[in-house]
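# Structural description and commentary
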Amino acid sequence: MPRLLLRRCPAALAAVAALLLTAPCATAAEPSAALSHGARSGRPAPTDGRHSPAPDPSRHHVARFEHQLARSGYVSQSGTEEVFDLNRRYCEGAVFSAMWPNIQSPYIITGLPEVPGQAPNTNPPATWRLRQDEAVVLIGTTPPPEEYFSFDLTMLNGSLPTGPVLWTSVGDPVNNRTVRTTGPTPYNQPFALVVTGNARTREEVNRMLASSGLGDGTNNITLPPAMFRLGLDEASQQFLLGTRTIGPDPGFEKALDDYRAAPPIRVLRVRPGSSSADQTTPVYAPDPLPVPDLRVSGTGATELDLNPTLELLRQRIVDRYPGYAAHDLTVERGFEESYPGLQDNLVIDPPTTGVGALSYDADDPITQTFGLPDGSFAVTYGTNHAATQQASYSSVSLYADAKAAVGVAAKNNRELQGSARDFIPDQRDADKFYAWAFSRAGNAGPSGPHVTALPSAGSDFCAQYGTDRPVDMGTLQVVARAYMQPATLTRPALSSLLLDRVLVFTPK
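Below: a short report on this structure. (Residues numbered from 1 in each chain as written. Predicted model: local features only at pLDDT ≥ 70, side-chain atom pairs only at ≥ 80, totals over all residues. Heavy atoms only, no water.)

This paragraph deals with the overall build of the protein chain. Of the regular secondary structure elements, the protein chain holds eight helices and 23 strands. Surface exposure of the protein chain reaches about 18,700 Å², of which carbon and sulfur atoms provide 51%. (Helix = DSSP H or I, 4+ residues; strand = E, 2+ residues; numbered from the N terminus. Areas by Shrake-Rupley, 256 points an atom, 1.4 Å probe, with all protein chains shown as cover.)

This is the structure in structure tokens:
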């Protein structure tokens, strides 16, 4: 597979961004640790409509940790944290598809240097191999107050420039309800995150972090050798560590922009040292960590009793636009769960949906592609999954081009709140629903605050990035997201949701 040097712009290196006890038993995947310390929702309020800058813990925590590494005979290499804009990368030709990015949450990706002598990474520095006794360590500050953030470890096999790729989650993410920090809240607090598959390495790294003042704020993510091939040779698998940050609390918008622009996180690739010049050979014997338990989605509670109101909402939307023919689109499960998808080798190869874009913290139903010519519009509608307590964050997003799958527009649960009252103001449960129009009909189509005007079907999407890579803006797809059910701290059960719906209106 060809190597990919990812670029921020045609002339610059683009790195990418993020994921990571005092006691080895307190892992991010274990509910006891997550709930006892991490499931806190306290949000500091801005004092003047803006954010108060969080203190940067990196200097003293990192210095202490590096001192501990040297004392323990470990060596380290520094990595990077940067936003990875899939829309831009597609237009610049760096990726074969944007793969339905959440444009409201530009991903921060952790980049790692290669170990001297290893087999080259396929997509450096976004993806990396890991020696069986190595660990990836992040030390820094958690994001500012927001509806949702997570540190996600994934496996990505294949070439991003040419595709297809197999992209699967490695267990549950660490999110803002499960993260361990040294402070009283999950936000703007010192933390550490450790990724490894070796029990001895984890125990030693955790001990060093505890001696550095981060014992209460250390999070462990397991890379289980039972499911993944660790190593630095050509046969080993490659991994990607990413951070999602979504929905800043009022007054913290700039704080989140600043966090994304310069993530206050130091990345270290650490391993036990050796006198050998060959750094690809493990020093420690295999000591495989077991596959952690997955959080169980769903409580048994559903949105299904709201179905009569959903049907009424559909009829009211259709009746509002008598001059247009209405066509219903099916929104259906778009992705397989990661571990079954890994075993079945379900690759992403748009327009066929696959497994890799699905995190174990999210449900992502998707429509088939549909045409939306100039003069027409689409109305997305359904239950607001955050308002029904089935999710902490939900959204509806619009994508263009069956293969490019670039993000064009998105609205989240806060923005959607109250929009269904345009059609069902007389219904008691109106605020548990939403209805939002994406329009190319101009003044002849829907109007008001709950309408997004789309660029023409013939517009040049990549012009905004200074390139001319073609994107078919007339062919669209809708993705509905639902992240982290408050009661379970993972995605809702798909069977508990009323699936989001889409109506496409064309002139009669």
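Any two side chains of opposite charge can pair, so long as their charged atoms come close to each other. All told, the structure shown has 19 salt bridges when counted by the stated rule. Taking the shortest distance from any N to any O, the salt bridge between D258 and K254 comes out at 2.8 Å. Within this pair, D258 and its partner K254 are both found in helix α5 (residues 253-261), separated by four residues, close to a single helical turn. Taking the relative accessible area as the measure of exposure, D258 reaches 32% and is therefore partly exposed. A residue is classified by how much of its surface remains accessible, and K254, at 52% relative accessible area, is exposed. Several salt bridges share partner residues, and in doing so they unite E134, R269 and R271 into one network. (Salt bridge = Lys/Arg side-chain N within 4 Å of Asp/Glu carboxyl O. Buried < 20%, exposed > 50% of the residue type's maximum accessible area, 1.4 Å probe, protein only.)

Taken as a whole, this structure holds one disulfide when the rule is applied. Each sulfur in the disulfide pair C91 and C462 lies 2.1 Å from the other. Judged by the sign of its S-S torsion, about -80 degrees, the bond between C91 and C462 is left-handed. In this pair, C91 sits in helix α3 (residues 86-91) while C462 sits in the loop between β21 (451-453) and β22 (475-483), placing the two residues 371 residues apart along the sequence. Neither C91 nor C462 differs from the other in exposure class; each is buried. (Disulfide = S-S within 2.5 Å.)

Residue P125 is reached from P124 by a cis peptide bond, and omega for that bond is -5 degrees. Mapped onto the secondary structure, P125 falls in the loop between β3 (107-111) and β4 (135-141). Cis rather than trans, the peptide bond between P350 and P351 has omega equal to 15 degrees. Tracing the backbone through its elements, the reader meets P351 in the loop between α7 (338-344) and β14 (362-363). Positive phi values are uncommon outside glycine, yet A405 reaches one of about 50 degrees. Residue position: A405 is located in the loop between β18 (393-400) and β19 (406-412).

What follows concerns the sheet that holds strand β17 (residues 377-383). Strands sit in the order β12-β23-β17-β20-β21 across an open sheet of five strands; the sheet is mixed. Of all the strands in the sheet, just β12 (324-329) and β21 have a single pairing partner and so form its edges. Each strand of the sheet is rotated relative to its neighbour by a mean of 20 degrees, with strand direction disregarded. Taken together, the seven bridges between β17 and strand β20 (residues 433-439) define a ladder with antiparallel strand orientation. (Pairing = 2+ DSSP bridges. Axes fitted to C-alpha atoms, helices over the stretch in contact; angles between N-to-C directions.)

Looking now at the packing of aromatic side chains. Applying the stated criterion across every chain yields a total of 16 aromatic pairs. With a centroid separation of 5.9 Å and 70 degrees between ring planes, the pair formed by F149 and F151 is classed as edge-to-face. Relative accessible area serves as the criterion here: at 0%, F149 is assigned to the buried category. Through successive ring pairs, a cluster of aromatic residues spans W128, F228, F239, Y339 and Y360. For the cation-ring pair, R244 lies above Y483, with the distance from its terminal atom to the ring centre recorded as 4.5 Å. Directly above the ring of Y90 sits R469, whose terminal nitrogen or CZ lies 3.8 Å from the centroid. (Phe/Tyr/Trp six-rings, centres within 6.5 Å; stacked < 30°, edge-to-face > 60°. Lys NZ or Arg CZ within 6 Å of the ring centre and 35° of its normal.)

Looking now at the side chain of D363. Note on placement: D363 falls in strand β14. Within the buried set, D363 has no salt-bridge partner at all; the shortest N-O distance to an opposite charge, 4.3 Å, is to R491. If near-sequence neighbours (up to four positions away) are discounted, D363 is found in contact with L358, A480, R481, A482, R491, P492, A493, L494 and L497. (Lys, Arg positive; Asp, Glu negative; His and termini not counted. Contact = heavy atoms within 4.5 Å.)

Before going further, it helps to examine the sheet that holds strand β1 (residues 74-78). Reading across the sheet, the five strands line up as β1-β11-β4-β8-β9 and stay open at both edges, with mixed pairing between neighbours. Every other strand in the sheet has two partners, leaving β1 and β9 (218-222) as the edge strands with one partner each. This sheet shows a mean twist of 25 degrees between the axes of neighbouring strands, independent of strand direction. The pairing of strand β8 (residues 190-196) with β9 spans five bridges and is parallel. Along β9, the bridge assignment pairs T196 with T222. Relative to the sheet, helix α4 (residues 199-214) contacts β1, β4, β8, β9 and β11 (265-272), its axis offset from that of β8 by approximately 170 degrees.

A separate point is the nonpolar core. Membership of the largest hydrophobic core comes to 48 residues, with the highest contact counts inside it found for M99, W100, V406, F461 and V471. Broken down by element, this core gets its largest block of residues, four residues, from β18. Apart from the residues within four sequence positions on either side, V406 is in contact with N87, Y90, A98, L398, Y399, A400, F461 and V471. Listed in part, the 31 residues of the second largest apolar core include L130, F149, M155 and Y187. (Core = buried A, V, L, I, M, F, W, Y, C linked by side-chain atoms within 4.5 Å.)

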